[in-house]
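Coordinate analysis (summary)
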Amino acid sequence: MIYLDHNATTPVDPRVFEVMKPYLTEAYGNPSSIYRAGQDVRKAVEDAREMVGRLLNAEPREIIFTSGGTESDNTSIKGVALNRGKGHIITSTIEHPAVLKVTEWLEKRGFTATYVPVGTDGVVNPEDVKKAVKPDTIIISLMHANNEVGTVQPIEDVAAIAHEKGIVFHTDAVQTVGKLPVDVKRMGIDLLSLSAHKLYGPKGTGILYVKRGTKFDPCVHGGHQEWGRRGGTENVAGIVGLGKAAELAEAEMASEAKRVRDLRDRLEAGLTERIADIMFNGHREKRLWNTTNVCIKYVEGEAMLLNLDMRHGIAASSGSACTSGSLEPSHVLLAMGIPAEIAHGSLRFSLGRGTTREEIEKVIEALPPIVEKLRAMSAFPRKE
Ligand code: PLP
């Protein structure tokens, strides 16, 4: 398989798996137990907390382990909303469903919300956020980078706008931690969501960073774990894996950024040369170095994906999601003003640690004939 879907998930790095193994076998104590077998495991959890804290420039006590990005997003927005009881939420039109759905859920329960638009480049204008602020705004949630097009948002500017008015600022940094430097203190972040499986750690593990003093109501009630802020026996192996993944990300981020950006740029250049009516989505510079999102006119993204997979073993993703039998174009591409019929022809390639030059050359060879064949069969009206 040529795996080019790292924004969906990353393989567990073998070095991460190695450190997890003992916690799935002999080191099975409960970290809350006071005997030795429990306390050794507790130490492993606390070491991982420190490693994650180091990557974010956070204090260990500000890190809450969760089940991943979705739980951290939900807890941030719902937790602040429930703590305040009423008020207005600001987010953007291109957020992950983990943010959009919980905001919609709160709207049905008496909260109000503004979904700030993006430009055609997929980037939010901080001025639009400023205009959306109301006297009762309680939280602003803006993702650090978008998972579909990779655009990086001006979160520092937006955090400053929030703090001027005493509003809590949350960022979904699921796609950036491990790819871009994230310093919660310098960037003015109050709440941050991170997911281990996007940075070569295991699925079902993540963190919520909570700046000291930020008030929110816990959303998972139970035992006293995580200082009463998130009940439930810790996913120890997952947490230990996340700690190692954070350590590796810190050490390797800069060299990976250069290597993978070169490959991504080569992919874009190769496809541009060989395919007519192709356009790349999102701001050219303000985007993740591993992501390219492309619209190829007069073809369906899903059809390209299936051909890439079945004929060449290439795994990528498309912007369209199959909902109840019909293909819904990506809400992100629509928010960027891309017409639905063009958005249907979108593909996302997200490169990663294992991606090689040979793989990229294979994609450049494989995709153009697929596009040609599909266009020949296409029912899409051409407007040349
Ligand atoms: N936020 C973003 C931007 C994502 O890309 C994802 C995963 O695709 C999530 C949140 C959800 O994270 P998880 O899969 O850990 O629940």
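Structural notes, computed from the coordinates. (Residues numbered from 1 in each chain as written. Predicted model: local features only at pLDDT ≥ 70, side-chain atom pairs only at ≥ 80, totals over all residues. Heavy atoms only, no water.)

1. Observations concerning the sheet that holds strand β2 (residues 63-66)
The strand order β2-β8-β7-β6-β5-β3-β4 describes an open sheet built from seven strands, whose pairing is mixed. Two strands close off the open sheet at either side, each with one partner strand: β2 and β4 (112-116). Across the sheet, the mean angle from the axis of one strand to that of its neighbour is 20°, orientation sign disregarded. Relative to the sheet, helix α4 (residues 97-107) contacts β3 (88-92), β4, β5 (137-141) and β6 (168-172), its axis offset from that of β4 by approximately 150°. Packed on one face of the sheet, helix α6 (residues 155-164) meets β5 and β6 and runs near 155° to β6. (Pairing = 2+ DSSP bridges. Helix = DSSP H or I, 4+ residues; strand = E, 2+ residues; numbered from the N terminus. Axes fitted to C-alpha atoms, helices over the stretch in contact; angles between N-to-C directions. Contact = heavy atoms within 4.5 Å.)

2. Things to note about the site of the ligand
Taken together, 13 residues sit near the ligand, with Gly 69, Thr 70, Asp 172, Ser 195 and Lys 198 positioned nearest. Here an oxygen atom of the ligand and a side-chain polar atom of Lys 198 are 2.6 Å apart. Here the ligand has 390 Å² of accessible area as a free molecule, and 85% of this is covered by the chains. The dominant element in the shell around the ligand, judged by the number of residues it contributes, is helix α3 (residues 69-84), at three residues. (Near = heavy atom within 4 Å. Polar contact = N/O pair within 3.5 Å; in protein donor to acceptor, adjacent residues only side chain to side chain. Areas by Shrake-Rupley, 256 points an atom, 1.4 Å probe, with all protein chains shown as cover.)

3. Focus on the nonpolar core
Side chains of a nonpolar character, in soluble globular proteins, are inclined to be buried together. Grouped together as the largest cluster of nonpolar side chains are 60 residues, with contacts concentrated most on Leu 56, Ile 140, Phe 169, Ile 189, Leu 192, Leu 194 and Ile 207. A per-element tally of this core places helix α8 (residues 236-274) first, with ten residues. Contacts of Leu 192, omitting those with residues within four sequence positions, involve Leu 56, His 170, Thr 171, Ala 173, Val 182, Val 184, Ile 207, Leu 208 and Tyr 209. (Core = buried A, V, L, I, M, F, W, Y, C linked by side-chain atoms within 4.5 Å. Buried < 20%, exposed > 50% of the residue type's maximum accessible area, 1.4 Å probe, protein only.)

4. Considering the pairing of strand β8 (residues 206-210)
Counting buried residues in β8 gives five out of five residues, a clear majority hidden from the surface. Where burial is concerned, the two faces of β8 agree: the one with Gly 206, Leu 208 and Val 210 and the one with Ile 207 and Tyr 209 are both buried. Note: β2 against β8, four bridges, orientation antiparallel. The residue bridging Thr 66 from the neighbouring strand is Gly 206, located in β8. The sheet contact formed by strand β7 (residues 191-195) and β8 spans five bridges and is antiparallel. Its bridge partner being in β8, Ser 195 is matched across the sheet by Gly 206.

5. Here's the deal with the sheet that holds strand β10 (residues 291-296)
Read from one edge to the other, the open sheet built from four strands follows the order β9-β10-β15-β12, with strand pairing classed as antiparallel. In this open sheet, the two edge strands, each paired with only one partner strand, are β9 (278-280) and β12 (317-318). With five bridges connecting them, β10 and strand β15 (residues 346-350) associate as antiparallel partners. Opposite Val 294, over in β15, you have Leu 347 as the bridge partner. Strands β10, β12 and β15 of the sheet are contacted by helix α9 (residues 301-312), whose axis makes an angle of about 45° with β15.

6. Details of the packing of α9 against helix α12 (residues 357-377)
Contact geometry of α9 with α12 gives a least axis separation of 10 Å together with a crossing angle of 130°. By the angle between their axes, α9 is oblique relative to α12. Relative to α12, the crossing made by α9 is right-handed. Contact residues: α9 offers Ala 303, Met 304, Asn 307, Leu 308, Arg 311 and His 312, while α12 offers Ala 366, Leu 367, Ile 370, Val 371, Lys 373 and Leu 374. Considering only residue class, the contact of α9 with α12 consists of eight nonpolar, two polar and two charged. (Parallel < 35°, antiparallel > 145°, perpendicular 65-115°, else oblique. Left-handed = near helix turned anticlockwise from the far one by under 90°. Nonpolar A, V, L, I, M, F, W, Y, C, P; charged D, E, K, R; others polar.)

7. Some remarks on α9
In this model, α9 (twelve residues) spans 16 Å end to end at C-alpha, consistent with the 16 Å of a helix rising 1.5 Å per residue. Buried residues belonging to α9 abut β10, β11 (314-315), β12, β15 and α12. At the exit of α9 stands Gly 313, carrying a positive phi of roughly 65°. (Expected span 1.5 Å × (residues − 1).)

8. Remarks on the packing of aromatic side chains
Scanning the model with the defined rule gives zero aromatic pairs in all. Sitting above the plane of the Trp 105 ring, Lys 78 keeps its charged end 4.5 Å from the centroid. Against the face of Tyr 200 rests Arg 353, its NZ or CZ located 4.0 Å from the ring centre. (Phe/Tyr/Trp six-rings, centres within 6.5 Å; stacked < 30°, edge-to-face > 60°. Lys NZ or Arg CZ within 6 Å of the ring centre and 35° of its normal.)

9. Quick look at the side chain of Asp 190
Of note, Asp 190 is situated in the loop between α7 (184-187) and β7. As a buried residue without a salt bridge, Asp 190 has its nearest oppositely charged side chain in Lys 211, at a separation of 4.2 Å. There is a polar contact of 2.8 Å between the side chain of Asp 190 and the side chain of His 163. Apart from residues no more than four positions distant in its own chain, Asp 190 is found in contact with His 163, Ile 167, Val 168, Phe 169, Tyr 209, Val 210, Lys 211 and Thr 214. (Lys, Arg positive; Asp, Glu negative; His and termini not counted. Salt bridge = Lys/Arg side-chain N within 4 Å of Asp/Glu carboxyl O.)

10. Section: the packing of helix α2 (residues 36-56) against α8
Describing two packed helices takes the angle between their axes plus the distance from one axis to the other. Interaxial distance between α2 and α8 falls to 8 Å at its minimum, and their mutual angle equals 30°. Classified by the angle between their axes, α2 and α8 sit roughly parallel to one another. For α2 against α8, the interelement crossing comes out left-handed. Together, Val 41, Ala 44, Val 45, Ala 48, Met 51, Val 52, Arg 54 and Leu 55 of α2 and Val 236, Ile 239, Val 240, Leu 242, Gly 243, Lys 244, Ala 246, Glu 247, Glu 250 and Met 253 of α8 make up the contact between the two elements. The residue inventory of the contact of α2 with α8, partitioned by class, reads 13 nonpolar, one polar and four charged.

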